[in-house]
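Descriptive analysis of the structure
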Amino acid sequence: MTIVLGLSYPHLYAEISFFNLGLLPTHSRFSVGAISGDGTTVVGYGSNEASFSSPNYSVLRWRHDTGLVNLGPLNGSGSGTGYGLNFSGSVMTSGSWESPGYYSYRWTEEGGQQRLPNLEAGVNVIAKGISGDGQTIIGSASTVGIEGSRAFLWNSSVGIRSLGTFGTNFSSEARDINYDGSVVVGSSIETGGEKAFRWTLENGLQDLGRLSTEPYHGAGASAVSTDGANVVGYSWVPGPDNGSLSRAFLWNASSGMQELGLVAGFLSSSATKVNSDASIITGGFWSRSGTYNEETGYSDEGGAFIWTPTDGMVNFEEFLESYGVDLTGWEILGITDMSENGRTLVGNGRLNGEIRGFMVTGVPEPSSLSLLLFGGAVLAAARRRNRD
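What counts, and where the lines are drawn
- The numbers attached to residues start from 1 for each chain and follow its sequence in the written order.
- Only residues with pLDDT of at least 70 get local features here, since the model is predicted, and only at 80 or more are side-chain atom pairs given and counted; chain-wide, interface and lining totals rely on the full set of residues.
- Note: side-chain values were computed over all heavy atoms of the structure, leaving out hydrogens and water.
- Put simply, DSSP H or I for four residues or longer makes a helix, DSSP E for two residues or longer makes a strand, and each gets a number counted from the N terminus.
- For every residue, the accessible area (1.4 Å probe, protein chains only) is compared with the maximum for its type, and the residue is labelled buried under 20%, exposed over 50%, or partly exposed between those bounds.
- Only heavy atoms matter for contacts: two residues are in contact if any of them lie within 4.5 Å across the pair.
- Strand pairing is assigned whenever DSSP identifies at least 2 bridges connecting the two strands.
- An axis is simply a line fitted to the C-alpha atoms; with a helix, the fit covers only the stretch in contact. Between two such axes, the angle follows the N-to-C directions and lies from 0 to 180 degrees.
- Throughout this description, the term nonpolar core refers to a set of buried Ala, Val, Leu, Ile, Met, Phe, Trp, Tyr and Cys residues connected via side-chain atoms within 4.5 Å.
- Whether two aromatic rings pair depends on their centres lying within 6.5 Å, for rings of Phe, Tyr and Trp, where Trp uses its six-membered ring; planes under 30 degrees apart make the pair stacked, over 60 edge-to-face, and the rest tilted.
- The predictor's confidence in any single residue is recorded as pLDDT, a number from 0 to 100.
- Under the rule applied, a polar contact is a pair of N or O atoms within 3.5 Å (in protein, one hydrogen donor and one hydrogen acceptor; residues adjacent in sequence only if both atoms are side-chain atoms).
- Just to be clear on terms, a salt bridge is a Lys or Arg side-chain nitrogen sitting within 4 Å of an Asp or Glu carboxyl oxygen.

With that out of the way, let us pick up the overall build of the protein chain. Within the protein chain one finds 4 helices and 30 strands. Counting over 388 residues, the protein chain shows a buried share of 57%. Taking all contacts inside the protein chain whose residues are at least 6 apart in sequence as the whole, residues at least 24 apart take part in 45%.

For the rest of this paragraph, the subject is the sheet that holds strand E3 (residues 41-47). If you walk across this open sheet you meet the 4 strands as E2-E3-E4-E5, and the pairing is antiparallel. The open sheet has two edge strands, strand E2 (29-35) and strand E5 (67-72), and neither has a second partner. Ignoring which end each strand starts from, the neighbouring axes of this sheet average 30° apart.

For the rest of this paragraph, the subject is the sheet that holds strand E8 (residues 101-108). Strand pairing within a sheet occurs via backbone hydrogen bonds; the two strands may be parallel or antiparallel. The 4 strands lie next to each other as E6-E7-E8-E9, forming an open sheet whose pairing is antiparallel. The open sheet has two edge strands with one neighbour each: strand E6 (81-85) and strand E9 (112-115). On average, each strand axis in the sheet is inclined to that of its neighbour by 30°, with strand direction left out of account.

With that settled, consider the pairing of E8. On a regular strand, one side chain projects to one face of the sheet and the next to the other, so that they alternate. Here E8 lies mainly inside the structure; 8 of its 8 residues are buried. In this sheet, E8 lies alongside strand E7 (residues 91-98) in antiparallel orientation, the contact comprising 8 bridges. If you follow Gly95 over to E8, its bridge partner there is Ser104. In this antiparallel pair of consecutive strands, E7 and E8, the connection spans 2 residues. In terms of strand pairing, E8 meets E9 through 4 bridges, oriented antiparallel.

Nonpolar side chains in soluble globular proteins tend to be buried together. Counting 21 residues, the largest nonpolar core has Phe18, Ile306, Phe316, Phe319, Leu320, Leu345 and Val360 as its most contacted members. Sorting the residues of this core by element identifies strand E26 (302-308), helix H3 (316-322), strand E28 (330-338), strand E29 (345-351) and strand E30 (354-361) as the ones contributing at least two each. Per-element accounting of this core gives the leading share, 4 residues, to E28. Residues within four places of Ile306 in sequence aside, it is in contact with Ile280, Ile281, Thr282, Gly312, Met313, Val314, Phe316, Phe319, Leu345 and Val363.

All right, on to the packing of aromatic side chains then. Counting across every chain of the model gives 10 aromatic pairs. Here Phe87 and Tyr179 contribute two aromatic rings whose centre-to-centre distance is 6.3 Å and whose plane-to-plane angle is 65°, an arrangement assigned as edge-to-face. Of this pair, Phe87 sits in the loop between E6 and E7 while Tyr179 sits in the loop between strand E14 (171-177) and strand E15 (184-190), and the two are 92 residues apart along the sequence. Overall, Tyr179 belongs to the partly exposed group, its relative accessible area being 35%. Plain terms: the ring middles of Phe319 and Tyr323 are 4.9 Å apart, the flat faces sit at 75° to each other, and that makes the pair edge-to-face. Judged by its relative accessible area of 1%, Phe319 is buried.

In this structure, Ala278 takes a positive phi of about 60° despite not being glycine. As for its placement among the helices and strands, Ala278 is situated in the loop between strand E22 (268-274) and strand E23 (281-286). Positive phi is not limited to glycine here, since Asn352 has a value of about 50°. Tracing the backbone through its elements, the reader meets Asn352 in the loop between E29 and E30. A residue is classified by how much of its surface remains accessible, and Asn352, at 64% relative accessible area, is exposed.

Time to look at the pairing of E6. Most of E6 is tucked away, with 4 of its 5 residues classed as buried. Strand direction decides the pairing type here: E6 and E7, joined by 4 bridges, are antiparallel. Bridge pairing in E7 links Gly82 to Ser94. In textbook terms, the turn of a hairpin is the stretch between consecutive antiparallel strands, and for E6 and E7 this stretch comprises 5 residues, one of which, Gly89, has a positive phi near 85°.

Turning our eyes to something else, we now look at the confidence of the model for the protein chain. Detailed reading of predicted coordinates is not advised where the pLDDT is low. Looking at the protein chain as a whole, the pLDDT averages 84, with 82% of positions reaching at least 70. Note on residues 1-14: pLDDT under 50 across the span, and 16 contacts to partners over four residues away in sequence or across chains. Per-residue pLDDT stays below 50 along residues 371-388; that stretch engages in 21 contacts with residues further than four places along the chain or on separate chains.

By the element assignment, Ser268 lies in strand E22. Polar contacts involving the side chain of Ser268 include one to the main-chain amide nitrogen of Ser246, which spans 3.1 Å.

What follows covers the environment of Thr344. Along the chain, the position of Thr344 falls in the loop between E28 and E29. C-alpha separation for the pair Thr344 and Thr40, spaced 304 residues apart in sequence, amounts to 9.2 Å. Residue contacts for Thr344: discarding those within four places in its chain leaves Ile35, Gly39, Asp337, Met338, Ser339, Met359, Val360 and Thr361.

Now for the pattern of salt bridges. One pass over the structure, following the stated rule, counts 7 salt bridges. Of the charged contacts in the structure, one is a salt bridge between Arg61 and Glu109, with a shortest N-O distance of 3.3 Å. Placement of the pair is Arg61 in strand E4 (residues 57-63) and Glu109 in the loop between E8 and E9, with a sequence separation of 48 residues. On the basis of relative accessibility, which here comes to 48%, the residue Glu109 falls in the partly exposed class. Between Arg175 and Glu194 there is a salt bridge whose closest N-O contact spans 3.5 Å. Here Arg175, found in strand E14, pairs with Glu194, found in strand E16 (residues 193-200); they are 19 residues apart in sequence, far enough to count as distant.

Okay, here's the thing in structure tokens:
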């Protein structure tokens, strides 16, 4: 049986590739922020310092035809970070600290940079995402005289506008936007906890609910599919010793909020990205109530996951190794983004202790995953027997 599987499906094993996105000679680290919907372009930042808070970081872009290229600070401040890309990779959002606050930009190679305006005389404008058509940018921004931040939406026709909150004088943050800019998702901090929202121009903020009915156990939305129909995120549930645990969820109008489960042996999970039809979802898992950082991983023991309807939630490192990917020297910290179809993933890890960006291409269609994972397990067992 082992021989039949190995001979029958060699192309399926060969099509998955994992590779280091590289490093420029002037930098000691490269951290990935986003990938274009078509999977051709990656942006992030490079630095020669040990900390993101250092001013010495530059916007880096990777393409299949050029490799890693330093786009410079883009804003004249001497620093910059690439955050988001449209579907084709031709439009980018970037940001940097500039006195007296944080500012964000829309950038194209042909037209250069355009700084986003402040929201109601605020000083911080932090872009979190850009629509697939490249016309609309979302994020969070501060305003004068109001505590916290406000989710915002910007495009050239209406300028910058607040998406509001569910209450008065509370904070909200927009985290992702669909292809045509008609649907925005994020979270709003309210009395009694956090609320996951889905925003449309027609209906405003829609509360997506939560998995727990207990007080102070809220939810947050992290990403939305290109058609705006499927939303993923996290919802807090009661844990041991009066603590809280996180659960990854998938929401749509027909099914409501559905829990995605856990990686075996771990207690918390959070979904951060979803492909066009919600057949591939990625995120992180950890032991209990630790927090996630895309550069440094989880404060508790944990890692990155990939989820499909057929196989549920799987440890991403184990997923890769089941296809024969050699991860010697690597520790996967997180998956930061995926292409629209979910077949190309990017993220960050430690390679021999140093922060590096990676790309995984050729992720199989979900209908193939069960067979492949089974075949990978059989072949791995056969290799072990042969070694013995």
